[in-house]
Amino acid sequence: MDFNDTPDEAKFRVEARAWLDANAERLAPGERRESPMGGEGRKGLLERARVWQRTKADAGWACITWPVEYGGRGATAIQNVIWGQEESRYRVPPNMFSIGLGMLAPTIMAHGTPEQKQRYLKPMLRSDEIWCQLFSEPAAGSDLAGLRTSAVRDGSDWILNGQKIWTSGAHYCKWGMIVTRTDPAAKKHAGITYFIVDMQAKGVEIRPIRQINGASDFNEVFFSDVRIPDTYRVGAVNDGWRCALTTLMNERATIGSGQGFGLGIHELLQLARETDWNGRPALEDPSVRQRIAEFYIGLKGLEYTSYRTLTALSRGQTPGPENAIGKMVGAPLRQRLSSFAIELQGAAGATLDEGSTPLGAGFQHGWLGAPGLRIAGGTDEILHNIVAERVLGLPGEPRVDKDLAFQDVPTGRG
Ligand SMILES: Cc1cc2nc3c(=O)[nH]c(=O)nc-3n(C[C@H](O)[C@H](O)[C@H](O)COP(=O)(O)OP(=O)(O)OC[C@H]3O[C@@H](n4cnc5c(N)ncnc54)[C@H](O)[C@@H]3O)c2cc1C
């Protein structure tokens, strides 16, 4: 591992910092950057995020790894990491557009037509048009290739019918990218086609799902005879699984780190110092110190593991499936940390009222959001499978329906 910037990386860091200094305010010591949790309507978060996104886009700092022709600056993956590290030190809204920018745009770049790239990428970059990902269905999540939403050809159009679920942001998105079944007689992964869909089209119905924290970040989306032109197709007919894999690989990279939710170890220490336990700070209690030490060791282990990824990127290599460790270990660890912090807060911890504790409801939001993070972008169990099969070389899971025509896969529907 190499913890230092190379001369080129150091130069890039100075350039990034200079632009940020000129366009944003630095966080005060101990101040944390705003979290995306708690709903896009909170304090006008979505609109503030759009303003910041446009400021960056106009200066070429919005998606720096994108090619210059689409508004990026052709930066390397390690420069992107450096940019992220620098931006996190400023009082700017969180990125609310990572599904489009981090997952769907790379799919359009890899599989879209020149017209699609020309039409969709720049408005996406500026957040003039926001995008959602219509993959999961009630019976197709980890096993995405079990999807049933159908697209049937009708002249130069396609007719969509079915249901998607857990569609983050669908209620404020202009466009979605959807995977559909176009040939049920083909094998499970072979009869799938990938489309762009207008979220305001006739026959699209979006129903918000209310979460435990009161926010509605994601939705059920129903498609009833939704007509879309063939020009919305991405990739070849029945070759949508290949496009979906591009999206999923980028999804792992976008949310795979397990970072960016809830408060952390520094706030936990602050809380333990300020919490009175029988006339003494809680931090002086050996059992509290022991728990905090365990969290600290776990988080440090994750930090050093992440340096392996950074070193690989710095050397121009692609990080391997061991990258899954960040979310697999980090999400449950942060969940336990938030839970312990809420315990320390006593009765005051049992509320989402921002004014109830000196740290607001940061630990509460972290705790309530953690189960979602343990599911999105690969559940704990799926990540364990990846590590078992691809890192440790253990035998693969049996996949009994892999070679069957999709219409012959037993479903229990009778
Ligand atoms: C916060 C959040 C945001 C999301 N946003 C989107 C979005 O924008 N667009 C979208 O399309 N989807 C989205 N999703 C859905 C997400 O992709 C799915 O929830 C995820 O793929 C898991 O699928 P599932 O919920 O159907 O659970 P299932 O796949 O049915 O899993 C149920 C349980 O079985 C376990 N399991 C499944 N298969 C195996 C196996 N082979 N081995 C061992 N255990 C297994 C799982 O680990 C889990 O515990 C989001 C989810 C969350 C939580």
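Each residue is numbered by its place in its chain's sequence as written, counting from 1. Side-chain atom pairs in this predicted model are given and counted only at pLDDT of 80 or more, local residue features only at pLDDT of at least 70, and totals for whole chains, interfaces and linings cover all residues. Side-chain descriptors were evaluated using all non-hydrogen atoms of the structure, hydrogens and water having been removed beforehand.

Some points on the pairing of strand β2 (residues 150–154)
Operational definition: Two strands form a pair only when DSSP identifies at least two bridges running between them. Helix and strand assignments come from DSSP, with helices taken as H or I runs of at least 4 residues and strands as E runs of at least 2, each series counted from the N terminus.
By the bridge criterion, five bridges tie β2 to strand β3 (residues 157–168) in an arrangement that is antiparallel. Note on β3: the bridge partner recorded for Asp154 is Asp157. Linking β2 back to β3 in an antiparallel pair, the connection comprises two residues, with Gly155 at a positive phi of about 65°.

Thoughts on the packing of helix α7 (residues 265–274) against helix α8 (residues 286–314)
Applied cut-off: Under this scheme, a helix contributes an axis fitted over its contacting stretch, all axes are lines through C-alpha atoms, and angles between N-to-C directions fall in the 0 to 180 degree range. Note on angle classes: values under 35 degrees are labelled roughly parallel, values over 145 roughly antiparallel, values of 65 to 115 roughly perpendicular, and the remainder oblique. The contact definition used throughout considers only heavy atoms, calling two residues in contact when any of these lie within 4.5 Å. Gly is placed with the polar residues, together with every amino acid not listed as nonpolar (Ala, Val, Leu, Ile, Met, Phe, Trp, Tyr, Cys and Pro) or charged (Asp, Glu, Lys and Arg).
α8 packs onto α7 with a crossing angle of 170° between their chain directions and a minimal axis gap of 11 Å. When the interaxial angle is binned, α7 and α8 end up roughly antiparallel. For the pair α7 and α8, contact is made by Ile265, Leu268, Leu269 and Ala272 and by Val288, Ile292, Phe295, Tyr296 and Leu299, respectively. Split into classes, the residues belonging to the contact of α7 with α8 amount to nine nonpolar, no polar and no charged.

Observations concerning the domain arrangement of the protein
A common measure of how large an interface is: the accessible area buried when the components associate. So the rule is basically this: Reported domain spans reflect what an automatic or database domain assignment gives. Take the accessible area each of two parts loses on contact, using a 1.4 Å probe, and add the two losses: that sum is the buried area. Salt bridges are defined as contacts in which a side-chain nitrogen from Lys or Arg sits within 4 Å of a carboxyl oxygen from Asp or Glu. Pairs of N or O atoms are called polar contacts if they sit within 3.5 Å, as long as, within protein, a hydrogen donor faces a hydrogen acceptor (for residues adjacent in sequence, only side-chain-to-side-chain pairs).
Domain boundaries in the protein define domain 1 (7–96), domain 2 (131–250) and domain 3 (260–391). Each side of the interface is counted separately: domain 1 has five residues, and domain 2 has six residues. Roughly 370 Å² of surface becomes buried between domain 1 and domain 2 when both sides are summed, with 51% attributable to carbon and sulfur atoms. On the surface where domain 1 and domain 2 come into contact, there are zero salt bridges. The interface formed by domain 1 and domain 2 holds zero residue pairs in polar contact (both at pLDDT 80 or more) in total. Across the side of domain 1 that touches domain 2, the residue classes tally to two nonpolar, two polar and one charged.

So, the pattern of salt bridges
Keep this limit in mind: Three labels apply to residues, based on accessible area from a 1.4 Å probe with only protein chains included: buried if under 20% of the type maximum, exposed if over 50%, partly exposed otherwise in between.
The full count for this structure, using the stated rule, is 27 salt bridges. In this structure, Asp154 engages Arg227 in a salt bridge whose closest nitrogen and oxygen atoms are separated by 2.8 Å. Taken together, the residues span a long stretch of sequence, with Asp154 in strand β2 and Arg227 in strand β7 (residues 218–229) at a distance of 73 residues. The partly exposed category is assigned to Arg227, whose relative accessible area is 45%. A cluster of three or more residues bridged by salt bridges with shared partners is formed by Asp5, Arg13, Arg17, Glu86 and Arg89.

Digging into the packing of helix α4 (residues 98–111) against helix α5 (residues 114–125)
Helix packing for two helices is described by the angle between their axes and how far apart those axes are. Note the following rule: Each helix crossing is assigned a hand: it is left-handed if the near helix lies turned anticlockwise from the far helix by less than a right angle, otherwise right-handed if that turn is clockwise.
Contact pair α4 / α5: the axes reach a minimum separation of 10 Å and the direction vectors enclose 165°. It follows that α4 is roughly antiparallel to α5 by the angle criterion. The chirality of how α4 crosses α5 is left-handed. Across the interface between the two elements, Gly100, Leu101, Ala105, Ile108 and Met109 from α4 touch Gln116, Lys117, Tyr120, Leu121, Met124 and Leu125 from α5. Partitioned by chemical class, the residues of the contact of α4 with α5 number eight nonpolar, two polar and one charged.

Points about the site of the ligand
In plain terms, the rule: One heavy atom within 4 Å of a molecule or strand is enough for the residue carrying it to be called near that molecule or strand. Where accessible areas are quoted, they stem from the Shrake-Rupley method and a 1.4 Å probe; at the residue level, only the protein chains shown are allowed to cover.
Taken together, the neighbourhood of the ligand is formed by 18 residues, with Gln133, Ser142, Trp166, Thr379 and Glu381 sitting nearest. Here Ser142 contributes a side-chain N or O atom positioned 2.6 Å from an oxygen atom of the ligand. Burial of the ligand by the protein amounts to 65% of the accessible area it has alone, namely 970 Å². Broken down by secondary-structure element, the contributors of at least two residues to the shell around the ligand are β3 and α11 (380–391).

Quick look at the environment of Val197
Here Val197 is to be found in strand β5 (residues 192–198). Taking the C-alpha atoms as reference points, Val197 and Glu25, separated by 172 residues in sequence, lie 38 Å from one another.

Some points on the packing of aromatic side chains
Any two aromatic rings considered together are summarised by their centre-to-centre distance and by the angle between their planes. Here is the rule: Each aromatic pair joins two rings of Phe, Tyr and Trp (for Trp, the six-membered one) with centres within 6.5 Å, and gets the label stacked for planes under 30 degrees apart, edge-to-face for over 60, and tilted for any other angle. The criterion is that NZ of a Lys, or CZ of an Arg, lies within 6 Å of the ring centre and within 35 degrees of the ring normal, and then a charge sits over that ring.
Summed over all chains, the structure comprises 14 aromatic pairs. Geometrically, the ring pair formed by Trp19 and Trp83 is tilted, given 6.2 Å between the ring centres and 50° between the ring planes. With Trp19 in helix α1 (residues 7–23) and Trp83 in helix α3 (residues 77–87), the pair connects residues that are 64 residues apart, well separated along the chain. Note on accessibility: Trp19 and Trp83 belong to one class, buried. Grouped by ring-pair contacts, the aromatic residues Phe12, Trp19, Trp52, Trp61 and Trp83 constitute a single cluster. The ring of Trp175 is capped by Lys174, whose NZ or CZ atom sits 4.6 Å from the centre of that ring. The ring centre of Phe222 lies 4.2 Å from the NZ or CZ of Arg207, which sits over that ring.

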